[in-house]
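Okay, here's what each chain looks like letter by letter:
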Amino acid sequence: MSLPDVLADEPRAIDTHAHQPTEEFLFTAGGEMMQDAAERFGKEMVPNDYEQMREEYERAGIAKAVLLGWDAETNTGNPPVPNDYVAEVRDEHDDFFVGFGSVDPLKDDCVEEAIRCVEDLDLSGFKFQQIAQGFDPSDPEHEDLWNTIEDLGVPCVFHGGNSTLGACAPGGRGLKIKYGNPMLLDDVAADHPDLQMLIAHPAFPWEKEQLAICQQKGNVYMDLSGWMPKYIDDQVLHYAKTVLKDKVMFGTDYPMLDPQKWMEQFANLEYSEEVQRKLLWENAEEFLGL
Ligand SMILES: [Zn+2]
């Protein structure tokens, strides 16, 4: 097994979707719903430090990663991964991490916190997990937040599709997967043409909707995180090398997925070198403004 050819000489890939491998994310913010997810991924949750994470990434040919914040406190009751912590880790590894903050759209101060993330903490974008955060992004009550982020001029990563959080628990621990339907993001994209949006993960079971939105909305992109390549829907894999080759990006969902195994399976897809370069780093460089 080996890495894609385009990574043979030096690590160049950019992972658009990484979480903290530390207890801040896995246990504190994650709680029981994260234990459920880890079981679905067949991963034991052993915290890692950032040095180990970087070594794993280097072996997988990855040069940079977007480190995501997490605040789903209102809906889950679990404390957030604080934005200050994300900024601190980014500062300690500023050659490696791009920091994305998280604001809880159900909190009264979410707009102020979004401004603080960009203006004071110098974070580069935002991550939303609509299922964990329990909100409908198309609901007009969130207009202020989208207007604010659009004005701040930074991109957003949104969750796409079902979630393994709470999987197999009674009631899925109260989480509602309808909020993961990418169609709810189509409204946001239409009303905020300057908001750059990345729908994370092949959005099972709504991959077709996701592909349609990415095709029709110039400001909407997607990534392949959260799924090992051999399990990704065939139509997504086909679009990634054809009509959407400028809009699909690589992501892992670390620490849930092993970056090296992901890359080895990606190499087996036998995409052209042009497509590999676009998906693995060129599209992300453009989206992130690197
Ligand atoms: Zn994730």
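Residues numbered from 1 in each chain as written. Predicted model: local features only at pLDDT ≥ 70, side-chain atom pairs only at ≥ 80, totals over all residues. Heavy atoms only, no water.

Chemist: Break down helix 3 (residues 50-59) for me, citing the residues and quoting the values.
Modeler: The complete set of buried residues in helix 3 reads Tyr-50, Met-53 and Tyr-57. What you see down the axis of helix 3 is that its buried residues fit within an arc of 55 degrees, all on one side. Buried residues along helix 3 sit in contact with strand 1 (13-18), strand 2 (62-68), helix 5 (83-92), strand 3 (97-101) and helix 12 (259-267). The N-cap of helix 3, judged by a side-chain oxygen 3.1 Å from the amide nitrogen of Glu-51 a few residues on, is Asp-49. Backbone geometry just downstream of helix 3 places Gly-61 in the positive-phi region, at approximately 80 degrees. (Buried < 20%, exposed > 50% of the residue type's maximum accessible area, 1.4 Å probe, protein only. Helix = DSSP H or I, 4+ residues; strand = E, 2+ residues; numbered from the N terminus. Arc of directions from axis to C-beta. Contact = heavy atoms within 4.5 Å. Polar contact = N/O pair within 3.5 Å; in protein donor to acceptor, adjacent residues only side chain to side chain.)

Chemist: For the coordination of the zinc ion, give the residues involved together with the corresponding values.
Modeler: Here the zinc ion is held by the protein donor atoms His-17 (NE2), His-19 (NE2) and Asp-253 (OD), which lie 2.1 to 2.2 Å from it. Within one chain, the residues donating to the zinc ion are spaced in sequence as H-x1-H-x233-D. Residue His-17 is located in strand 1, and its partner Asp-253 is located in the loop between strand 8 (248-249) and helix 12; the two are separated by 236 residues in the primary sequence. Comparing His-17 with Asp-253 shows no difference in burial state: the two are buried. (Donors = N, O, S within 2.8 Å, 3.2 Å for Na, K, Ca; no water.)

Chemist: Mind laying out the sheet that holds strand 3, listing which residues take part and the relevant values?
Modeler: Taking strand neighbours across the sheet as the criterion, the 8 strands line up as 1-2-3-4-5-6-7-8 in an open arrangement whose pairing is parallel. Bordering the open sheet on either side are strand 1 and strand 8, each of which pairs with just one other strand. In this sheet, strand 2 lies alongside strand 1 in parallel orientation, the contact comprising 4 bridges. Within the sheet, the bridge partner assigned to Asp-15 lies in strand 2 and is Ala-65. Contacts from helix 9 (residues 183-191) reach strand 5 (156-159), strand 6 (197-200) and strand 7 (220-223) within the one sheet, and its direction differs from that of strand 6 by about 170 degrees. Lying on the sheet, helix 10 (residues 207-216) is in contact with strand 6 and strand 7; it crosses strand 7 at an angle near 135 degrees. (Pairing = 2+ DSSP bridges. Axes fitted to C-alpha atoms, helices over the stretch in contact; angles between N-to-C directions.)

Chemist: An account of the UniProt feature "domain: Amidohydrolase-related" (unreviewed entry) in the protein chain is requested, with residue identities and associated values reported.
Modeler: UniProt feature "domain: Amidohydrolase-related" (unreviewed entry): in the numbering of this structure it lies at residues 14-290. The span residues 14-290 carries 43% helix and 13% strand; its end-to-end C-alpha distance comes to 10 Å. (UniProt positions renumbered as here; feature names shortened; annotations may be inferred.)

Chemist: Help me get a handle on the packing of aromatic side chains, residues and values and all.
Modeler: If you walk through the whole model with that rule in mind, you get 15 aromatic pairs. With 5.4 Å between their ring centres and 65 degrees between their planes, Trp-146 and Phe-158 make a pair best called edge-to-face. Here Trp-146 is found in helix 8 (residues 143-152), whereas its partner Phe-158 is found in strand 5, with 12 residues between them in sequence. Accessibility classification places Trp-146 together with Phe-158 in one group, the buried group. In this structure an aromatic cluster arises from ring pairing among Tyr-50, Tyr-57, Phe-96, Phe-97 and Tyr-254. The ring of Tyr-221 is capped by Lys-247, whose NZ or CZ atom sits 5.1 Å from the centre of that ring. (Phe/Tyr/Trp six-rings, centres within 6.5 Å; stacked < 30°, edge-to-face > 60°. Lys NZ or Arg CZ within 6 Å of the ring centre and 35° of its normal.)

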